[in-house]
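These are the residues of each chain, in order.
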Amino acid sequence: ASSPAMPTSGDHAGARPHVVLLPSAGMGHLVPFGRLAVALSQGDGCDVSVAAVLPTVSSAESRHLDALFAAAPAVRRLDFRLAPFDESEFPGADPFFLRFEAMRRSAPLLGPLLAGAGASALVTDIVLASVALPVARERGVPCYVLFTSSAAMLAFCAHFPSYTDASAAAGRPGVVGDVDVPGVYRIPKSSVPQALHDPKHLFTQQFVANGRGLVDADGILVNTFDAFEPEAVTALREGKVVSDFPPVFAVGPLLPVRFPAKDPAAGYMQWLDAQPARSVVYVSFGSRKAISPDQLRELAAGLEASGQRFLWVVKGAVVDRDDAGELGELLGDDGFLERVQGRALVTKGWVEQEEILRHGSVGLFISHCGWNSVTEAAAFGVPVLAWPRFGDQRVNAAVVARGELGAWEQRWSWDGEEGLVSGKEIGEKIKAVMVDDTVAKKGAKVGDAAAAATAKGGTSYRSLAEFVGRCRDAG
Ligand code: UDP
Ligand code: UDP
């Protein structure tokens, strides 16, 4: 599988457009931007620059940028220097949210950056949308948004400002309950990102501003495909969520940039090579959040009790640079690692997740449902056992369940909720999903649909071509 190849477009004789991409912080944002950059720069597509803020928040981001520019020399790097920003205004805030805010406040500096680069279009991260759009507009540069989560989440984000306006008008300002997204489906209160229940939260303020700003974009790119999220994609396009909504380009799954193979192959890849087909449970909760030590130990007990082979990436801190704890210590030092030796591999390091998911010995992905993880599972047809924890992840888990990419145990805990999920329950669920043949078959079917979407003539292929055509016409 590869990213949608760039269609050659004989009809568009205009100059080669120069598209500047502006990702925000965190791997969940950087990864899809890197993929889009490569997809756009292929063939007779576009000149592409990626604006990067240095130093990055995590070292994973820094390594990823280096690898991206090395693997895709056609993609240029632009330095986006931030204005001074006093973090002490937000004590205890998440470091990635702080970077979002620092970038938002530096938006006026984008004007000179776009002019200096001779940009013919800007693609901004959703997180920066409401501040980047006016700057681009002032320069006469068309501005698109790359939405880094699901189309369901995009619909929710677009609708949420009118939802909060209605709550305020009804005398319940800031109160968030179940949210009926017009034309899509109901997002229950329990699935709404935690922060949005607090109207004063930095994230809520950014989220509402960005949701309001969306209508001013020239178009919105989403890393999903029509067949996976038909309700949300259709409702957005038909103006049912918000009337006169900009064009929505569903261009996913944006596929991995294959970085030159490491030599020798990482230990976990060699280990996977030695396991039977579809026998391994891959467990990862993404790059953004740590799981409480108590829950980590229950998860360990569950994986052990499941009797399955597993590859588990354990994350002990929010920012990787702070993750100094020993693996044994994190897991309680009760001999777990010794007991599962041979049938399991447990690591604290960074892994090349897409290489793991494309490996034939992986049969199930226990995932927090960060959207990139979901799209990678979809691309490779690997079924997901969803355990969302935070932010947009429950909305994404609902997409997994509706789209039949896997199962979601809705009672399982959510960041900030009381209660542990027991090892016994986790073990039983894993076993049940692994022996159920229909789960694997349905996952594979989603993989086929993803391949059809990105193949020549598929829905995502055509959406990407249409986007490039517009950039060309404007340039
Ligand atoms: N990822 C990876 N190795 C790791 C952890 C994460 O390659 O050890 C990648 C993963 O494949 C995905 C991205 O980092 O592309 C994480 O984005 P996602 O939206 O899944 O979750 P987030 O980390 O933002 O919660
Ligand atoms: N998001 C959004 N509007 C915003 C900020 C975020 O719609 O103003 C979406 C975005 O697509 C993101 C998701 O909400 O993927 C969750 O964002 P969060 O920052 O919680 O997670 P992260 O992407 O940093 O892992």
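Residues numbered from 1 in each chain as written. Chains lettered and ligands numbered in written order. Predicted model: local features only at pLDDT ≥ 70, side-chain atom pairs only at ≥ 80, totals over all residues.

- In the annotation of an unreviewed UniProt entry, the entry for the chain reads Glycosyltransferase, and the organism field reads Urochloa decumbens.

Points about the overall build of the chain
Reasoning step 1: Of regular secondary structure, the chain possesses 18 helices and 15 strands.
Reasoning step 2: Whereas a compact globule of 475 residues would reach a radius of gyration of roughly 23 Å, the chain reaches 22 Å, a difference of no more than 12%.
Reasoning step 3: C-alpha extents for the chain along the principal axes are approximately 65 × 55 × 45 Å.
Reasoning step 4: Expressed as a percentage of the 475 residues in the chain, the buried residues total 49%.
Reasoning step 5: Across the chain, the fraction of contacts at a sequence separation of at least 24, relative to all contacts at a separation of at least 6, is 76%. (Helix = DSSP H or I, 4+ residues; strand = E, 2+ residues; numbered from the N terminus. Rg over C-alpha atoms; globule rule 2.2 N^0.38 Å. Buried ≥ 20, exposed ≤ 12 C-beta atoms within 10 Å, placed from the backbone. Contact = placed C-beta atoms within 7 Å.)

Points about the sheet that holds strand S3 (residues 75-79)
Reasoning step 1: Pairing in this open sheet of seven strands is parallel, and the strands run S3-S2-S1-S4-S5-S8-S9 from one edge to the other. On the outer flanks of this sheet lie S3 and strand S9 (248-250), each paired with one strand and no other. This sheet shows a mean twist of 25° between the axes of neighbouring strands, independent of strand direction.
Reasoning step 2: In this sheet, S9 lies alongside strand S8 (residues 219-222) in parallel orientation, the contact comprising three bridges. Of the residues in S9, the one forming a bridge with isoleucine 220 is valine 248. (Pairing = 2+ DSSP bridges. Axes fitted to C-alpha atoms, helices over the stretch in contact; angles between N-to-C directions.)

Topic: the site of ligand 2
Reasoning step 1: Taken together, the neighbourhood of ligand 2 is formed by 20 residues, with Ser149, Cys157, Asn210, Gly391 and Asp392 sitting nearest.
Reasoning step 2: At three residues, helix H7 (residues 202-213) tops the list of elements feeding residues into the shell around ligand 2.
Reasoning step 3: Here the residues of the shell around ligand 2 sort into nine nonpolar, nine polar and two charged. (Near = placed C-beta within 6 Å. Nonpolar A, V, L, I, M, F, W, Y, C, P; charged D, E, K, R; others polar.)

As for the site of ligand 1
Reasoning step 1: In the neighbourhood of ligand 1, 19 residues make up the surrounding shell, with Gly28, Gly286, Gln353, Gly370 and Ser373 lying closest.
Reasoning step 2: The set of elements that each furnish at least two residues to the shell around ligand 1 consists of helix H1 (27-41), helix H13 (353-357) and helix H14 (371-380).
Reasoning step 3: Of the residues forming the shell around ligand 1, the biggest block, four residues, is contributed by H14.
Reasoning step 4: When the residues that make up the shell around ligand 1 are grouped by side-chain class, the tally is six nonpolar, nine polar and four charged.

A few points about the pairing of S8
Reasoning step 1: Pairing of strand S5 (residues 143-147) with S8 involves four bridges; the strand directions are parallel. Across the sheet, residue phenylalanine 147 finds its bridge partner in S8, namely valine 222.
Reasoning step 2: Chirality of the crossover, the property in question, places the unit of S8, helix H8 (residues 230-237) and S9 among those that are right-handed. (Right-handed = clockwise from strand over helix to strand, strands pointing away.)

Here we look at H8
Reasoning step 1: Listing the buried residues of H8 in full gives Ala232, Val233, Ala235 and Leu236.
Reasoning step 2: The elements touched by buried residues of H8 are helix H6 (151-169) and S9.
Reasoning step 3: Two residues or fewer after H8 comes glycine 239, characterised by a positive phi angle close to 70°.

Some words on unusual backbone geometry
Reasoning step 1: Of the consecutive residues leucine 54 and proline 55, the connecting peptide bond is found in the cis state with omega at -5°.
Reasoning step 2: Of note, proline 55 is situated in the loop between strand S2 (47-52) and helix H2 (59-71).
Reasoning step 3: A cis amide bond links glycine 252 with the next residue in sequence, proline 253, at an omega value of -10°.
Reasoning step 4: Secondary-structure assignment places proline 253 in the loop between S9 and helix H9 (267-273).
Reasoning step 5: Of note in the backbone geometry, arginine 278 takes a positive phi value of approximately 55° without being a glycine.
Reasoning step 6: Locating arginine 278 in the fold gives a position in the loop between H9 and strand S10 (280-284).
Reasoning step 7: Judged by the 16 C-beta atoms lying within 10 Å of it, arginine 278 falls in the partly exposed class.
Reasoning step 8: The backbone of cysteine 369 shows a phi angle near 70°, a positive value even though the residue is not glycine.

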